[in-house]
Each structure stands twice: as structure tokens, then as C-alpha cells.
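Report on the structure
One-letter residues, chain by chain:
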Amino acid sequence: MTSQEPTGARNFNVDLRGIVDLLSRHLYSSPRVYVRELLQNAVDAMTARGDTVEGTGGAGAPIRFETGGGELRVLDSGIGLTEPQVHELLATIGNSSKRDELGLARHDFLGQFGIGLLSCFLVADEIEVVTRSALTDAGADEGADDARAVVWRGHADGHYTVEPGERDEPGTTVVLRARRDFEHWLEASTVRELVRHYGAMLPYDVRVDGDRVTEATPPWERDREELLGYGTRLLGATPFDAIELSVPEAGLRGAAFVLPFESNPSQRAAHRVYLKRMLLGDRVESVLPEWAFFVRCVLDAGELRPTASREQLYDDELLAVTRERLGDALRTWLVGLAATDPARMRAFLAVHYRGVMALAVHDVEMLRIVDDQIPFETSEGRLTLGELRARHRAIRYTSRDEEFRQLSAIAAAQGIALVNGGYTYHIEILNRLRRLDPGLDVRKLDASELATRLDPVGPGVEFAARDFLETAKRTLAGHGCEPLLRSFSPAGLPVLYLEGAPGGHGADADVDGVWAEFIGTEEKAERDGPRLVFNHRNPIVARLTSTANVRVVELSVEAMYGYAMLTGNRPLRPDDVAGVNRAFLGLVEHAVREG
Amino acid sequence: MAPAGREELRDRLNAALDLAGGGEDDDVAGQSYLAVMEGLLADAEAFGDPETLFGVKVIYANALRFKEWEKEPREVDAEALAVLRSCLLTWNAEPYRFDATDVDNMWTELHRVVDRYVRHAPEPAEQVLRLLDELERRCPPDRPHARYALGELRVRLEARRGNAAEAERLWRLQLARGPAREHLRPDMVAALDASMWARLGRHDLAVAALAPVLAGRLPVTSGDPHEVRLLMPYLHTGRAAEAAVAHRRTWRGPG
């Protein structure tokens, strides 16, 4: 295109050396992937030859990796390339032989980006490819130029040469000579380990220095015992169970191994994924739903797309569908286990309790399992929510463990079904119980509601205690707390501190600025403010209400306030600590004087 | 009884809105509407879907106008404002997540609550002004109708303070913006403006405020004739004949 052309369009100038460097050194996370790319090209060449010239011989020969003398030679008896193809495909970055005329990746090939060979520049400065096309052999046109073998040499600085070569049979030989200080990547032990790592499941005979490294049957096609054995090697411990997985839309087969140890739900689970039986990666994320943290999978997918670096999966619609199907399979396993083998389900929950709770926050089926299987701390002992629902239609919870400890016995005595919501996910699950039981009344325990459930004292007691209450009100005013006289069980508890709580939908603690002036949580808190409830059923309190000595009442009320705060594990402000000290010393002084 | 799903909750919400009718404050229907919305809100909270919960909360705030108060109406207004505040913060955090109608409804409800603070509740004007500032801060410029509605409240708040000059300046600014059909009934705004100017003694502006309605440029949505508000302004501006015509047209004898 010249500057006179009316469109004014220009092509980008490409620094070939820079592109080669970029793709070979920065696309991949480690030089080790060069083995995978060589293996992939050889497998695709074999597949292409099987497709096009089936029965022409040679296609069944093994793919051979030969090491020695600082070189690696990879030989396949695949489709090979003609000289024009060598120019077109090996020397054009981004042009893959594995795409059709429309540029769509061929379904049965592993590679598709036309950049794989560049990864060899990670370990070598020069790549030599000796290739002879099987197509021209099959065409029986021996005299044609296309029938000759071709030698292509590519260099890391971006130039290449092509010249006639020698090869007896159709196929391709790739020769790498190690770059200085990279010799270890081409050593026999390294190559063997890497070929086994990436290609052990390939349905081809792959050999390294004559030794076969591919396995006959992938784990997901083996019997259950062998599958569990594979899982044991994968996890380093015997799996709790192995779940067979299949998603026909994605051409996916595999197995999920249920971890026999607890895993962190917030940590993203990574799985071993093969694409057409070539290892994509050991730590592939996002193939399973986030909640499926309790399994590790080994999967082989035919239809899922890899990213260009072939180290993760491309996050497209098919991956989303696959993720959903795999999630369904795991959920079905869990539901089935709960229904058919409760003892084993309990064993599973003993390990993955937290994970299932996390899942139940979003999933009704899991919520059902939690409701049915997991015991919660309640005012009536450890019960499942299902059992508690069978006894009560109204359930209350506390948001703090300490609050539960303080109120549990009182709630039990008042017939209130109280649940300790102080643990992770408990409140969320309690609030979602209406999904299972729409008529259920589940709420946070409101202090004022509890106060109304405590028996009021009779008018005679109320009258006799009026001086006591007046003194208590004066003493507690500094703590922003109101005294209340009630009669409740257990009688051993002399006082109870009830915290005020803002109510109504949308009311929350962080209302600030101008909103607070209108929403008036302070006003509400004042109305339902903190109360110190004296238990008239307690003998000490009963005697105290008829004590005439104002000083003793003041000190006792102060001491009981401190006691209530301490038993409820509530933080003591400096004023509270000073009050407790004052009360303690004052009561000691009184006792000494009286004694 | 099966647990509620998203579709079912939406259906129930629409049914509840039918129960609310045209916004008439009929006690029995209003109480049923409120009771239905309370149940619906509990189910939506249990369902946990943020979009559905947002829509239900906004309508619940609307239903709260039928809630009986213990000491004073501001208790209910405060609860409605708290609900709407939580909606507003959620919407601010993820503006494209929620249904456009639900968001429109939220601004309408916010206007309704603040309108009560402007007209009825004895909240200090400075405090209401700060609330309006906060709402404007949270209302992006791409919602001109919501901004208009807030501006309309400012005009009447200034009028309540007796600040006629500032009210007039803001009112003329509002006229230039045009009415907010999404949130307010334009004829009702004009009628409220006319009453406001009449109370402030600016009878010429009262007549001007209702002129578009009387000229038929704004559709009348209320059953009551707005013209009745102009009897005194007509007389004060020496338009006795028009006052007499308006009186004849709007006055209805018993039976």
C-alpha cells in the first residue's frame, strides 16, 4: 500500500525478533512447555495422517523423543509438510495448519494458534524441522517437487532458511540443540519426566529413548478401585469418595475425588485438566463452581477451548455450561449420600462442615441437608434445625456467642427456641430457613421481646421495691441503663443485662450523617435501650429489694451491673471498671464495719 | 407450601400493587396491602435474590404509609426512609443491576417521604435541606427527573421558611427544567405551587403556576378542580370576573 492510496490505511510494522521473543518467553509460564508443544504437533500430525491417508502405513508408528549429544530429536510418522506448506505454516506466526478455510480450529486437533513451535526458542536458538509430506506420497506423483523432503531452520532472531532434505518415510523430525545454560532441559531424565507429565494419557504410543511413557487406559476409564488408587496418588491421601463425571456437550469425562481432609472454602480449588488427553495443567481453575472446594478433579475435555498459552481454559459459554453440569453432579452426589447413607454423610460433614454451610447460604438443596443433618447449638441442646422446627414455629437467634451463653437458660425456661448464631454462616442459614418452611418465624432475639416474656412481679412486690428501683435507676443512670424488676428462671441468676436493639427493616448500625438525624436509631435505642433486669426469684435480689440501707443498695446495684457485664462477656468501659472496683471495696468496707 | 421463587415473588408483588389500587388511603385495603408486603418482604429476604429484594423493599416502603404509629407519624416515615436508604446505597453500589422501573419507584418513594418532611413533619428545615443535599449527591446527573423532583422539594422548603425570593429563583429554575413526569404528576405540582405562592402572598405567581394546567397544556390527573386554589389570587390581582367564573365552575352545592 502506498501513501497515494485514498483510504490512507497502513499496515503495522512488526519487529519479528520482538514478536518471537514476546511469544516464546512471555506467553508461557515456564520453558518446560516446549515439550508439550512438540508433543502436540506430533500428535496432530498423526491425527491428520490418520484422517487423510488411513491405511497408508506408518501412521501407527510411535512418536519418538531421542536425546543425546546436547540435542533432542522428535520423530513422528504423521502427515508431514510440503515445501509450500513449510513456507506458509512454519514461517507465519499465528497461521496454524489446524484450522479450516474459515479460520476455525479443527475439532480433532490439539493445537490451533500457530505459535506452538515458537516455545522451542525458550530452550534453543535454532529449530530444525525435516519433513516429508504423506499427501504427495499418497498422490503417487514421485517426480513432483512436493514429494521431496524439506529442511526448515528457524532462528530466534526471526529469520529462517528452507532447503531440500533427506527423509525416507513421510513424517516430521524436529531437532533442537540446547542453548548455552539450557542443556538440562534437553537431558534424557528431564524430557522423560516432561513427556510423561504432559502426554501420559495420550492415545498414542509415545517413547522416550525407546521406553514407552503413555499409559494404556486413562483413570476415568478404569474400575473403581484403580480410580481410587489414582486419587490417592493425586491427593496424597485416600479420597473420601470418587465421583464419576460426564458432560457430553463438552466432550468431558473425568472423576472428582472428595477430599478426606478439610479445605479452605475461600481458596480457589485447582484441578488437573486434560484436553483430548493432553495435560492442560495441574492447577486449572474455574472449571468447577466456586462452592465445590471439597473435591479435586481429573478431567478430560474434548470441546473446551484453551487459552493461547494452553495453561488455563477460555471462559466462554461452554465452560459456564460445563461448570453448571459438574456442579449438578456434585450436588446430586451429596443429596444422594444424605438420602441413602446418613452415617457416611455425617462422616463427610464432620470434615466438610464449614464448606457445606457456605454452600447452604446459596443453595436450597444444601440448605435442606444442613437443616436435616447439622446440629446447631440451641437453648434445648444440640439439635438440627429440622428438629427444632418440628418443636417450635418461632425461632430466635443471638448474633454473639456470649449473648447466647447468657440468655440460653432463660430462653429455655421461657419456652423460646433460641439458637446460637455466633458462628460463621449460622445467621445467614437461619434467615434462609423460610425457603424451606415459609410459615416459620425466624428473627434475631429482641431484648425488649425477651423482657416482655419474663414474668412481671406482683403489685405488692412492685410497691415494696419502689425505693430499691428508684435507687437502682439513679445508680444506673451513669451507665445509660434502666433497671427492671422481673421474676424468671433460673433462680440462680440474679441479674440479666439486655442490650437495646434498633428495629425495623433497613435499620442498621452504620446509619450515619444526616440519615441518622431522620432514621433516629438513637431515639429507638433509647426506647428499647439497655436494661438491667433484676430477678426477684433470686433470694439475694429478693432481700435486696426490701433493704432500707440506700448505700448498700447502691453498691449492690453497681456490683450486679458489673457482674452482668462480665457474665455476658461484654466489654467494660473504664467507667464500668471503676464502678465495679468502687462497689467491691464499698461492700467489703460495709461488711467489715458490720462485722 | 412451596418456597417462593423469583417469578412467584414478582407475581405476588404485582398482585400486592393491585391491592394498593390507585394510592387511595382506604384503611382496610391499605392494611391488607401492608400485611401482604410484610409477608412478601420476609420471603424476599429469605430468597436472597438482590434484584427481587430491591423491588420488594421499594414497594414495602410505599406500603408503610398505611402503618399505624405509636406516638407520631415520623416513626413510620423514619422506617420508610431507612428502607429506602438501604435501597439507595445498594443501587449506588451497583447502578446497572436493578430493574429500571424499581429504580424509578425508589426515587418516587424518596420524594414521597421527603415531601412529608417538607409539608407535615416538624423537622427543622436545615435538617431536611441536608437530607436533600445527601439525596442529590447520590442522584447522578443522568436522572434529570429525579433531580427535578428533589428540586421541587427545595422550592417548597424555601417557601416554608418564608424565603420567597429564593423560592422564586428555584421555582423559575425548575420551570426551565420542565416537569418530571416519571416521579410527579405535573398538574399536582402546579397546584401545590399555586397554593404555595398564594400563601406567600405572591398571587401573580400563583396564577402563573396553574396557567399551563388551565390552558390544557398539562393533563389533569386529580378529580378535584385545581382552579379553586386561584379564587383569592384572582381577587388580589384585580381579576374579579375570572374569580367569579372560577367560583361558579368549582363550587358545588350540597346534593
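The residue count restarts for each chain, going from 1 along the sequence in the order it is written. To read the labels, note that chains go from A and ligands from 1, taken in the order they are written. For a predicted model such as this one, the threshold for reporting local features is a pLDDT of at least 70, and the threshold for listing and counting side-chain atom pairs is 80 or more; totals across whole chains, interfaces and linings nevertheless cover every residue. With hydrogens and water excluded, all non-hydrogen atoms of the structure serve as input to the side-chain values.

Along its length, chain B carries 12 helices and 0 strands. Strands are runs of DSSP state E lasting at least two residues, helices are runs of H or I lasting at least four, and both sets are numbered from the N terminus onward. Its helices and strands in sequence order give chain B the pattern α-α-α-α-α-α-α-α-α-α-α-α, from N to C terminus. Using a 1.4 Å probe on the protein chains alone, a residue whose accessible area is under 20% of its type maximum counts as buried, one over 50% counts as exposed, and one in between counts as partly exposed. Relative to its 255 residues, chain B shows a buried fraction of 47%. About 12500 Å² of surface is accessible on chain B, with carbon and sulfur atoms providing 53% of the total. A 1.4 Å probe and the Shrake-Rupley method give the accessible areas. Residues count as covered only by the protein chains that appear here.

This part is about the pattern of salt bridges. Residues and elements named next belong to chain A. Salt bridge, as applied in this entry: a Lys or Arg side-chain nitrogen positioned within 4 Å of an Asp or Glu carboxyl oxygen. A full pass over the atoms with the stated rule returns 63 salt bridges over all chains. The closest approach of N and O atoms between Glu37 and Arg36, which form a salt bridge, is 3.0 Å. The pair Glu37 / Arg36 is uniform in exposure class, with both members buried. With its nearest N and O atoms 3.1 Å apart, the salt bridge here joins Glu262 to Arg354. Taken as a pair, Glu262 in the loop between strand 10 (252-258) and strand 11 (271-275) and Arg354 in helix 8 (residues 342-360) lie far apart in primary sequence, 92 residues in all. Residue class for Glu262 comes out partly exposed when judged on its relative accessible area of 43%.

Next up on the list: the packing of helix 7 (residues 317-340) of chain A against helix 8 of chain A. Residues and elements named next belong to chain A. Throughout, an axis means a line fitted to C-alpha atoms (over the contacting stretch in the case of helices), and angles, computed between N-to-C directions, take values from 0 to 180 degrees. Running from N to C, helix 7 and helix 8 point in directions that differ by 140 degrees, and their axes come no closer than 10 Å. Comparing the axis directions of helix 7 and helix 8 gives the class oblique. Judged by the sense of rotation from one axis to the other, the crossing of helix 7 with helix 8 is left-handed. Facing Trp333, Leu334, Leu337, Ala338 and Thr340 of helix 7, the residues of helix 8 in contact are Pro342, Arg344, Met345, Phe348 and Leu359. When describing relative orientation, an angle under 35 degrees is termed roughly parallel and one over 145 degrees roughly antiparallel, while 65 to 115 degrees is termed roughly perpendicular and anything else oblique. Note on convention: near helix rotated counterclockwise from far helix by under a right angle means a left-handed crossing. Clockwise means right-handed. In what follows, a contact means two residues having at least one pair of non-hydrogen atoms within 4.5 Å.

Attention now moves to the confidence of the model for chain A. Residue and element names in this part refer to chain A. Averaged over every residue, the pLDDT of chain A is 81; the share at 70 or more is 83%. Looking across chain A, the model is least confident in helix 17 (residues 521-527), with a mean pLDDT of 46, and most confident in strand 17 (residues 417-420), with 93. Per-residue confidence from the predictor is reported as pLDDT, a score between 0 and 100. In this model residues 1-6 is a low-confidence stretch, pLDDT under 50, and it forms 4 contacts with partners more than four residues away in sequence or in other chains.

Another point: helix 19 (residues 550-567) of chain A. Residues and elements named next belong to chain A. Expected span, for any helix, means 1.5 Å times one less than how many residues it has. The terminal C-alpha atoms of helix 19 lie 25 Å apart, and with 18 residues this matches the ideal 26 Å at 1.5 Å per residue to within 8%. Those residues of helix 19 hidden inside the fold are in contact with helix 11 (401-414), helix 15 (466-476), strand 21 (495-498), strand 22 (531-535), helix 18 (539-545) and helix 20 (574-594). Within 3.5 Å is the distance limit for a polar contact, defined as a pair of N or O atoms, with the added protein rule that one can donate a hydrogen and the other accept it, and that residues adjacent in sequence qualify only through two side-chain atoms. The backbone nitrogen of Arg551 has a side-chain oxygen 3.0 Å away, supplied by the residue at the start of helix 19, namely Asn549.

For the rest of this paragraph, the subject is the packing of aromatic side chains. Each aromatic ring pair is characterised by the separation of its centres together with the angle its planes make. Residues and elements named next belong to chain A. Put simply, two rings from Phe, Tyr or Trp (the six-membered ring, in Trp's case) pair if the centres are within 6.5 Å, and we call them stacked under 30 degrees between planes, edge-to-face over 60, tilted for the rest. Summed over the entire model, instances satisfying the criterion amount to 14 aromatic pairs over all chains. Summarising the aromatic geometry, the rings of Phe294 and Phe348 are spaced 5.4 Å apart at their centres and angled 80 degrees between planes, so their arrangement reads as edge-to-face. Of the two residues, Phe294 is situated in the loop between strand 12 (278-284) and strand 13 (295-301) and Phe348 in helix 8; the sequence distance between them amounts to 54 residues. Pair check on accessibility: Phe294 and Phe348 agree, each one buried. Chaining the aromatic ring pairs together yields one cluster made of Phe240, Phe293, Phe294, Trp333 and Phe348. Positioned above the aromatic ring of Phe182 is the side chain of Arg179, whose terminal nitrogen or guanidinium carbon lies 5.4 Å from the ring centre. Over the ring of Phe463 we find Arg466, and its NZ or CZ is 3.9 Å from the ring centre. The rule is short: NZ of Lys or CZ of Arg within 6 Å of the ring centre and within 35 degrees of the ring normal puts a charge over the ring.

This part covers a nonpolar patch on the surface. Patch membership requires more than 30% relative accessible area and the absence of a salt bridge. Residues of like charge join within 9 Å; the nonpolar side chains Val, Leu, Ile, Met, Phe, Trp and Tyr join within 5 Å. A surface patch of nonpolar side chains, amounting to about 410 Å² of accessible area, comprises Phe584, Leu585, Val588 and Val592 of chain A. The exposed category is assigned to Phe584 of chain A, whose relative accessible area is 55%.

Quick look at helix 5 (residues 188-199) of chain A now. Residues and elements named next belong to chain A. The end-to-end C-alpha distance of helix 5, which contains 12 residues, comes to 16 Å, matching closely the 16 Å that a straight helix rising 1.5 Å per residue would cover. What helix 5 keeps buried is the set Thr190, Val191, Leu194, Val195, Tyr198 and Gly199. Across the axial projection of helix 5, the buried residues extend over an arc of 125 degrees, all falling on one side. In this description, the arc belongs to the directions extending from the helix axis to the C-beta atoms.

This brings us to the environment of Gln174 of chain B. All names here are of chain B. Relative to the elements of secondary structure, Gln174 occurs in helix 8 (residues 164-177). Owing to a relative accessible area of 4%, Gln174 belongs among the buried residues under this scheme. Separated by 23 residues in the primary sequence, Gln174 and Gly151 have C-alpha atoms spaced 6.9 Å apart. Each residue touching Gln174, except ones within four places of it in the same chain, is listed here: Tyr148, Gly151, Glu152 and Val155.

Once that is clear, we can look at the sheet that holds strand 3 (residues 124-132) of chain A. Residue and element names in this part refer to chain A. One bridge is not enough; two strands pair if DSSP finds at least two bridges between them. Read from one edge of the open sheet, 8 strands run 5-4-3-6-2-1-7-8, paired in mixed fashion. The open sheet has two free edges, formed respectively by strand 5 (160-165) and strand 8 (211-212), since each of these has just one partner strand. Here helix 5 sits on the sheet and contacts strand 1 (63-68), strand 2 (71-76), strand 7 (206-208) and strand 8; the angle it forms with strand 7, its principal contact strand, is near 160 degrees.

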